Amino acid sequence: MAASGGGGRAIRVLNVAEKPSVAKTVSGILSRNQGLRMREGRSRYNKIFEFNYMIQGQPCQMMFTSVTGHLMEMEFEGRYRKWHSCDPVDLFEAPIRKHVPEGIGFVEDKLDIRKTLEEEARKCQWLVLWLDCDREGENIAYEVVEVCLNVNSRLNIWRARFSSLIDREIHQAAQQLARPNQLFSEAVDVRQEIDLRIGASFTRFQTMLLKDAFDFNFSTDGRNLILSYGPCQFPTLGFVVERYWEIQAHEPEEFWKIQCSHTTDEGTANFNWMRGHLFDYTCAVLLYEMCVEEPTATVTKVKKQEKLKYPPHPLNTIELEKRASRYFRMSSEQTMKIAEDLYQSGFISYPRTETDSFSTRTDLHILVQEQQEHPVWGPYAQRLLDPSSGLWRNPSGGGHDDKAHPPIHPTKFSAGESRWSEDHKKLYELVVRHYLACVSQPAVGAETTVEIDIAGEMFSALGRTIVAKNYLEVYRFESWGGSLIPNYTFGQQFTPTSLTLESGITRPPPLLSESDLLDCMDKAGIGTDATMHDHIKKLTDRFYAIKEGSHFKPTNLGEALVMGYDDMGYELWKPYLRSMMEEDMKAVSIGNKRKDNVLATCLQQMKACFLDARVNKTKLFQALEIFFDRTNRTTGGDAQHNHAQQLVRKCYVCHDSDLVLRKKPDGKFMIGCSGYPQCRNVIWLPGSISEAVVTTTVCNMCTPGPVFKIQFTFRRLEIPPNFNVHHLGCVGGCDDIMRQLIEMSGSGQRNTSSTPAIGRGIAAPSRNDSRNNNNNQQQQQATCSFCHQTGHNSSDCYSLTSQNRSARSQRVNSNSGDSPIPCPTCGSLCVLKTANTESNRGRKFYSCQTQGCKFFVCWEDSVPTTRGGGSGSATTNSRRGGRGGGGGQGGGDVRFVSATGDPVSGRSCFICGDPSHFANACPNRGMRN
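Quick look at the structure, then. (Residues numbered from 1 in each chain as written. Predicted model: local features only at pLDDT ≥ 70, side-chain atom pairs only at ≥ 80, totals over all residues. Heavy atoms only, no water.)

1. Points about the overall build of the protein
Move 1: On a plain count of helices and strands, the protein comes out with 23 helices and 30 strands.
Move 2: Taking all 929 residues of the protein together, the buried fraction comes to 52%.
Move 3: Within the protein, residue pairs in contact and separated by at least 24 positions form 69% of the contacts whose partners lie at least 6 positions apart.
Move 4: Approximately 41500 Å² of the protein is accessible, and the part contributed by carbon and sulfur atoms is 48%. (Helix = DSSP H or I, 4+ residues; strand = E, 2+ residues; numbered from the N terminus. Buried < 20%, exposed > 50% of the residue type's maximum accessible area, 1.4 Å probe, protein only. Contact = heavy atoms within 4.5 Å. Areas by Shrake-Rupley, 256 points an atom, 1.4 Å probe, with all protein chains shown as cover.)

So, in structure tokens, the structure goes:
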């Protein structure tokens, strides 16, 4: 930065920090607490500090205030914010805006902060941004810039870059102002938009599809259950589930190994079998017996060498979280909360950094000097600074540098503040000891490796002596075990003290600890150092995982969701997609890729995944059904949601959508295709139904499945008296009671679909898969004369009669004295039935019940007196009336004639008792009270 000129008139400078505490601390440092004035801003939490300061010789009147994290929010515009306002897939392209939200509570504070910035910006010439120096902080900085430039376009914009809240670094940042980095901000905009669109679309899809479809048998602690999907959250869950599956798939296997030990006055050496272990018991026994028969051990190798154990690399955020979890069982969320507090109090440097290498410009010694007075590690710090001790070593780097912050290190001495919790003390100690360790010499050990031969089998033992502990003196969290073994010489022979054959079993890997999970995320590039702990916390907040001790285990819900997407064949729960997105965002931050191109590519890819997932949503249902019971709750207004709750079976006409139970506005029920209007397949259910609910019970007779049974409740006065009011029925074709009730009401299946007929009959409702293969083949080739679909005959049509009614009808006909006539087509005996159509009510007709034959044969009153010559007449009537082509008294209604009024069934109208019709067609129906 070049100052605009020395001396002269003071310029007014608006300084903005990311948090109120940082604004207060920096103001105190720059003003040296002299002439510092404080006044209220619009927000009760964000004060304004005033003081005078010189920037490169330029007098400045400083106004210092703050925001509270992000000032703006990115959200969908207008109606797209409401869950049921649009198809979730529309969210990939719906208009969005980034603005300061208006409302009450916390949102109201943001509006007040904006007003404060606007008021102060109008009076200033410079704007200095003291936001955190990472990509997220840069994005917040540009939010502040946008608000301020809207009211004062002449502002001169500067950026202060710092990594710790200590005097020398804050003054240095104020004197070396730079320009903000727009590329960093654009990278965050990309991430925010991708996460918003993908997260909102998949979250709405999952939640509306599944939330009320299943009885989730776990406590939500009064919170609303949201089945959220996050581009980082789901791969994180995937790590947990994948390890759990590895454990579940593990099959313990027994193995055997030979153990050898040798004890002398100098100590005991435990020799390990260099084969490791064998799974073949016979082979292990044979080798062991060979050793027992010739137990003399011969030393074949003695190797002595110096070994070094190197100190850790400088500390970055991920290592801080991992080590705090490993050493203190502290969650990553708690770690970052404590680290942030220590940073804002000036005790450690900025805790969100990817860097694990110190710059050559960093004065490493001064950081050690500040720790010399500590009662515990002070003496070690003094030795480090003593050149004669030879303990100092410039730290080696880990190869990561985010170009924004140095590694995490102590910035101020403390023997323990009174307000600190135990976690504060532990984390501060870890940061200090880690820094002292990384500038120390490695530990030195003397290792001795001895190999022996017993009957051709090789064994080895390792002994170690610690020569110099060096960094291990101060880094108490690590150890390097030493074990003394006797002295051996090449060619020496001895008899082992013990030689045994021992067995063991293989064990599965453990569940992932938080340290393991952070390591997996880091290696796969999931999230950033500032967000990883948030993604892990989301797993427990959303009930996708629980923590057992220090290890993560997926809940049934978490496992079911991953299983559903895995069964689809997609890797939405794998880290690869998000890892590529993170690489693209990093490319945006350094200018190698353009923001718009990355957005278009990522969203196009994820939209394709979303559309495929929606087509294969039944996989999610099938996965969740393994763990949870289905419910039948419905909420109006969302077709997808109702579809999810009332799914009956796959549509056998279009093969793309599902048949779902629906309630019409008039209170009657139907089963229709969810692909309407492209597919108009429908089954009209009897009007006597008062309630109908799809259950989780799957019919074991109907194919292709699954076909879910429906719990029906009928109105008593609208069904025959010998029918139950409550009935668990199936509409797949196997339920005689439902077939008869549908026939009584004159309802049944209709299909006016525009879907080509080539696919219609393939998956039509089958009666029972216990029939032989020949009948199945005939059925698939036949065409139903009633509904004109292939795959079944008219005698098997859902809206007509059941097979077993033929036997009953023949039996009762013979009892009533009616003589059956032979079918003119197949020769089988026909049965006498009574018509229930409006024009032929009560008129009797003969019908053949043979599979594949014609349904209508002839009217009883048209049968010739000589039965032997009646075939021609019967055939003529069949051809005219059976296909509805006119002729006879039945006219066009003939092909709809069924046995619904058959008096031989033992049933009659329960209103007037007339056996020629049922209650739904009774002329006296409306006369009953």
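2. Remarks on the sheet that holds strand β12 (residues 297–309)
Strands pair in a sheet through their backbones, by hydrogen bonds, and they do so in one of two ways: parallel or antiparallel.
Move 1: Here seven strands make up an open sheet; going across it, the order is β15-β12-β13-β14-β11-β10-β16 and the pairing antiparallel. Only two strands of the sheet have a single neighbouring strand rather than two, namely β15 (493–494) and β16 (498–505).
Move 2: Sheet topology note: the strand β10 (residues 254–264)/strand β11 (residues 267–273) ladder contains six bridges and is antiparallel. Its bridge partner lying in β11, His262 is registered against Ala269. (Pairing = 2+ DSSP bridges.)

3. Remarks on the sheet that holds strand β25 (residues 708–714)
Move 1: Reading across from one edge, β24-β25-β26 is the order of the three strands in this open sheet, with antiparallel pairing throughout. Of all the strands in the sheet, the pair left with one neighbour each is β24 (689–698) and β26 (726–729). When strand polarity is set aside, the average angle formed by the axes of neighbouring strands in this sheet is 20°.
Move 2: As paired strands, β24 and β25 are joined by six bridges and run antiparallel to one another. (Axes fitted to C-alpha atoms, helices over the stretch in contact; angles between N-to-C directions.)

4. Some details on the packing of helix α9 (residues 332–344) against helix α14 (residues 532–541)
Move 1: At a closest axis distance of 8 Å, the pairing of α9 and α14 adopts a crossing angle of 140°. One way to sum up the angle between α9 and α14 is to call them oblique. For α9 against α14, the interelement crossing comes out left-handed. Counted together, Ser332, Glu333 and Met336 of α9 and His533, Ile536 and Lys537 of α14 form the full contact between these two elements.
Move 2: Residue classes in the contact of α9 with α14 are distributed as two nonpolar, two polar and two charged. (Parallel < 35°, antiparallel > 145°, perpendicular 65-115°, else oblique. Left-handed = near helix turned anticlockwise from the far one by under 90°. Nonpolar A, V, L, I, M, F, W, Y, C, P; charged D, E, K, R; others polar.)

5. Side note on the packing of aromatic side chains
Move 1: Applying the stated criterion across every chain yields a total of 36 aromatic pairs.
Move 2: Ring geometry for Phe205 versus Phe610: centroids 5.5 Å apart, planes at 70°, classification edge-to-face. Within this pair, whereas Phe205 is found in helix α5 (residues 182–210), its partner Phe610 is found in helix α17 (residues 595–615), the two being separated by 405 residues in sequence. Each member of the pair, Phe205 together with Phe610, is buried.
Move 3: Note on Phe347 and Trp420: the rings are 5.0 Å apart at their centroids and 80° apart in plane angle, and the pair reads as edge-to-face. Separated by 73 residues along the polypeptide, Phe347 in the loop between α9 and α10 (364–369) and Trp420 in the loop between α11 (378–385) and α12 (422–438) bring together distant segments of the chain.
Move 4: Judged by relative accessible area, which is 6%, Phe347 ranks as buried.
Move 5: Judged by its relative accessible area of 7%, Trp420 falls in the buried class.
Move 6: Through successive ring pairs, a cluster of aromatic residues spans Phe92, Phe202, Phe205, Tyr229, Phe234, Tyr544, Tyr565 and Phe610.
Move 7: Directly above the aromatic system of Trp158 lies the positively charged group of Arg179, at a separation of 3.6 Å from the ring centroid. (Phe/Tyr/Trp six-rings, centres within 6.5 Å; stacked < 30°, edge-to-face > 60°. Lys NZ or Arg CZ within 6 Å of the ring centre and 35° of its normal.)

6. Describing unusual backbone geometry
Move 1: Each neighbour pair has its own omega, and for Thr703 with Pro704 the value is -10°, a cis peptide bond.
Move 2: Tracing the backbone shows Pro704 in the loop between β24 and β25.
Move 3: Even without glycine at this site, Gln56 takes up a positive phi of about 50°.
Move 4: Checked against the element boundaries, Gln56 lands in the loop between β3 (48–55) and β4 (58–66).
Move 5: For Gln56, a relative accessible area of 32% translates into the label partly exposed.
Move 6: The phi dihedral of Arg329 is positive, around 55°, even though this residue is not glycine.
Move 7: Take Arg329: it is sitting in the loop between α8 (317–328) and α9.
Move 8: The exposure class of Arg329 is exposed, given its relative accessible area of 57%.

7. Focus: the pattern of salt bridges
Move 1: One pass over the full model with this rule turns up 46 salt bridges.
Move 2: Between Arg419 and Asp341 there is a salt bridge, with the nearest N and O atoms lying 3.4 Å from each other. One end of the pair, Arg419, is in the loop between α11 and α12; the other, Asp341, is in helix α9, and 78 residues separate them in sequence.
Move 3: Residues Arg630 and Glu625 are paired through a salt bridge, measuring 2.8 Å at the closest nitrogen-oxygen approach.
Move 4: Accessibility expressed as a relative area gives 11% for Arg630, which makes it buried.
Move 5: The class of Glu625 is partly exposed, set by a relative accessible area of 30%.
Move 6: Ionic contacts of the salt-bridge type, sharing partners, join the residues Glu319, Lys322, Arg323, Glu478, Asp519 and Lys523 into one network. (Salt bridge = Lys/Arg side-chain N within 4 Å of Asp/Glu carboxyl O.)

8. So, α12
Move 1: Under the 1.5 Å per step criterion, the end-to-end length of α12 is 24 Å for 17 residues, consistent within 8% with the ideal 24 Å.
Move 2: The buried count for α12 comes to 13 of 17 residues, which makes it a mostly enclosed element. (Expected span 1.5 Å × (residues − 1).)

9. So, the pairing of strand β1 (residues 11–17)
Move 1: Burial runs high along β1: six of the seven residues are buried.
Move 2: Pairing analysis gives seven bridges linking β1 to β4, with the strands arranged parallel. Bridging from a neighbouring strand, Ala17 pairs with Ser66 of β4.

10. Considering the side chain of Arg630
Move 1: In this fold, Arg630 is placed in strand β19 (residues 629–630).
Move 2: Engagement of the side chain of Arg630 in a polar contact is seen with the backbone oxygen of Ala213, the distance being 3.4 Å.
Move 3: In this structure the side chain of Arg630 is engaged in a polar contact, spanning 2.8 Å, whose partner is the side chain of Glu625. (Polar contact = N/O pair within 3.5 Å; in protein donor to acceptor, adjacent residues only side chain to side chain.)

Any functional reading would require information beyond the geometric quantities listed.
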